[in-house]
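Chains, contacts and geometry: an overview
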Amino acid sequence: MQPGPERPGAFAPEFRAELARLMDRRRDVRRFLTEPVDEAALTRCLDSFLTAPSVGLSEPWRVIRVESAEARAAALANFEEANAAALADQSRDRATLYARLKLSGMRDAPVQLAVFCDETTPKGHGLGAATMPEMRRYSVVAAITQFWLTARAEGLGTGWVSILDPDRLARDLGVPPGWTLVGYLCVGYAQTLDRAPELETEGWEVRRGHLPVETR
């Protein structure tokens, strides 16, 4: 069957194929090279936040580049304590496997970003957030996703560290009241760019092969 006419505004089939390949090759990276990241490439990645959707056009994302030795040491200690607690909480059968997993690239990643949501921003005048205030955080997640894909297109890996005490990190970084941590990102050139998620290859979990969609 011959393909039908392209709809106005549709991107070319070649671009759509590359976009699908980009999303397929996006990985959560934990193993980084220590070499510096090209700053122009990083700026292009950060600029992707500016085109992300946000509820009420509130643009509630706030990004802190964690650079100082003191701030990085505090973030790493936060992770290590939270990770030890998570390990202790595993069942006997899962604890050995959990201990084998590498769950953070914080020791090696040359760029580390703490991404917060400003829950009190007046921008957007509360549109869409009065009934669902969590939409502000969802907006930050959408922006992080755009950053993640842009970084992958630039040849950079991104790892999202979620084993952290968010309130403690906010205190250690001295952010304003009303800012909520959404993601701690490690960014750099990956040692390897694997096709399959590491948690899958290590046997932690199996990825779904199809999306179940229900109809009501």
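Below is a summary of the structure that appears in this document.

Reading the values: the criteria
Residues numbered from 1 in each chain as written. Predicted model: local features only at pLDDT ≥ 70, side-chain atom pairs only at ≥ 80, totals over all residues. Heavy atoms only, no water. Helix = DSSP H or I, 4+ residues; strand = E, 2+ residues; numbered from the N terminus. Buried < 20%, exposed > 50% of the residue type's maximum accessible area, 1.4 Å probe, protein only. Contact = heavy atoms within 4.5 Å. Areas by Shrake-Rupley, 256 points an atom, 1.4 Å probe, with all protein chains shown as cover. Lys, Arg positive; Asp, Glu negative; His and termini not counted. Charge placed at Lys NZ, Arg CZ, Asp CG, Glu CD. Pairing = 2+ DSSP bridges. Axes fitted to C-alpha atoms, helices over the stretch in contact; angles between N-to-C directions. Core = buried A, V, L, I, M, F, W, Y, C linked by side-chain atoms within 4.5 Å.

Scanning the chain from terminus to terminus reveals seven helices and four strands. Each helix (α) and strand (β) of the chain, taken in turn from the N terminus, gives the series α-α-β-α-α-β-α-β-α-β-α. Seen through its principal axes, the chain has C-alpha atoms that stretch 55 × 45 × 45 Å. A burial count over the chain gives 35% of its 216 residues as buried. Sequence-distant contacts, at least 24 apart, represent 84% of the contacts inside the chain between residues at least 6 apart. Summing over all exposed atoms, the chain offers an accessible surface of approximately 13100 Å²; the carbon and sulfur share of this is 55%. Across the chain, the centroid of the 27 positively charged side chains sits 4 Å from that of the 30 negatively charged ones.

For the rest of this paragraph, the subject is the sheet that holds strand β4 (residues 179-188). One open sheet accounts for four strands, arranged β1-β2-β4-β3; its pairing is antiparallel. Strands with a single pairing partner mark the edges of an open sheet, and in this sheet they are β1 (61-65) and β3 (157-161). Here the average twist between neighbouring strands, direction ignored, is 30 degrees. Bridging between strand β2 (residues 111-118) and β4 involves eight bridges; their strand directions are antiparallel. The residue bridging Phe116 from the neighbouring strand is Leu181, located in β4. Sitting on the sheet, helix α6 (residues 166-173) touches β2 and β4, and the angle it makes with β2 is about 105 degrees.

Mapped onto the secondary structure, Leu193 falls in the loop between β4 and α7 (198-201). What makes Leu193 partly exposed here is its relative accessible area of 43%. Between the alpha carbons of Leu193 and Ala153 there is a distance of 12 Å; along the sequence they are 40 residues apart.

Formed by 25 residues in total, the largest nonpolar core has its most connected members in Phe79, Met106, Ala114, Leu169, Leu173 and Tyr184. Mapped onto this core, the elements with two or more residues apiece are α3 (69-88), β2, α6 and β4. Broken down by element, this core gets its largest block of residues, four residues, from α3. Ignoring sequence-local partners within four residues, the contact set of Leu173 consists of Val66, Ala71, Ala114 and Phe116.

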